[in-house]
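An overview of the molecular structure
Chain by chain, the residues:
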Amino acid sequence: MLRYTLMRLGIFVGCLVVVWGLVYSGVAPRGLGDSNGMWVVMLALVVSAPISFVVLRKERDRASIQVVQRVDRMKSNLEANRNQEDEAADAASGTTSGEVPSEAAGKVAGDVSGARSRTA
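This structure is a prediction, so every number in the text was calculated from the model and none was measured.

1. Section: the nonpolar core
Buried together is how nonpolar side chains tend to be arranged in soluble globular proteins. Tyr4, Ile11, Phe12, Cys15, Val19, Val23, Ala28, Val40, Ala44, Leu56 and Ala63 together form the largest nonpolar core, which totals eleven residues. Listing elements by their share of this core, those giving two or more residues are α1 (2-25) and α2 (36-55). Of all the elements, α1 adds the most residues to this core, at six residues. Leave out the neighbours within four places in its chain, and Ala44 touches Phe12, Cys15, Leu16 and Val19.

Listed below in C-alpha cells is the structure:
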C-alpha cells in the first residue's frame, strides 16, 4: 500500500514539474491574478490522475488485495471474539448457545403480545 502511494505521489510530482514548466514557458495558460500556484497544482492533479490510473493498474490491484486480506482477517478476529463472548455469557447463565432461559422466553413473549395490543 505504501509503495502504491509513493508511486502515485511520484507521478503527481513529475506532472507538477512538467506543468509548472509549461505554464512558466507560456505553452499552458496562467491562472488569474494570484491563483497561478493553485492553477498549476490543479492542472497537475488533472493530468496525473489518468496517468496513474493506467500506469499503476497492477500495483493498485496488489494494494487492493492486501486491503481485502486485512479486512477479512479483522472480520474473522471480530467473529472469534463475538463467539468467545457468547460462550462466556452462556456459561455464566448456564445455557447453550441456541437455548433461551425460560424466564427470558416468557418475558420476550409477553413483550411481543403487549406490543401487539398497543398497536391494534
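Structure shown, so let's carry the discussion forward.
2. Some thoughts on the packing of α1 against α2
The interhelical angle for the contact between α1 and α2, taken along N-to-C directions, is 135°, at an axis separation of 8 Å. Relative to α2, the element α1 is oriented oblique. Crossing angle aside, the handedness with which α1 passes α2 is right-handed. Of the residues belonging to the contact of α1 with α2, the class tally is 18 nonpolar, three polar and one charged.

3. Thoughts on the packing of aromatic side chains
A ring pair, where both rings are aromatic, is described by two values, the distance of the centres and the angle of the planes. In the structure shown here, the tally under the stated rule is one aromatic pair. Arranged with centres 5.2 Å apart and planes meeting at 50°, the rings of Trp20 and Tyr24 form a pair that is tilted. With Trp20 and Tyr24 both in helix α1 and four residues apart, this pair spans about one turn of that helix. When the ring centre of Phe53 is taken as origin, the NZ or CZ atom of Arg57, which lies over that ring, is 5.3 Å away.

What counts and what doesn't
- Residues numbered from 1 in each chain as written.
- Predicted model: local features only at pLDDT ≥ 70, side-chain atom pairs only at ≥ 80, totals over all residues.
- Heavy atoms only, no water.
- Core = buried A, V, L, I, M, F, W, Y, C linked by side-chain atoms within 4.5 Å.
- Buried < 20%, exposed > 50% of the residue type's maximum accessible area, 1.4 Å probe, protein only.
- Helix = DSSP H or I, 4+ residues; strand = E, 2+ residues; numbered from the N terminus.
- Contact = heavy atoms within 4.5 Å.
- Axes fitted to C-alpha atoms, helices over the stretch in contact; angles between N-to-C directions.
- Parallel < 35°, antiparallel > 145°, perpendicular 65-115°, else oblique.
- Left-handed = near helix turned anticlockwise from the far one by under 90°.
- Nonpolar A, V, L, I, M, F, W, Y, C, P; charged D, E, K, R; others polar.
- Phe/Tyr/Trp six-rings, centres within 6.5 Å; stacked < 30°, edge-to-face > 60°.
- Lys NZ or Arg CZ within 6 Å of the ring centre and 35° of its normal.

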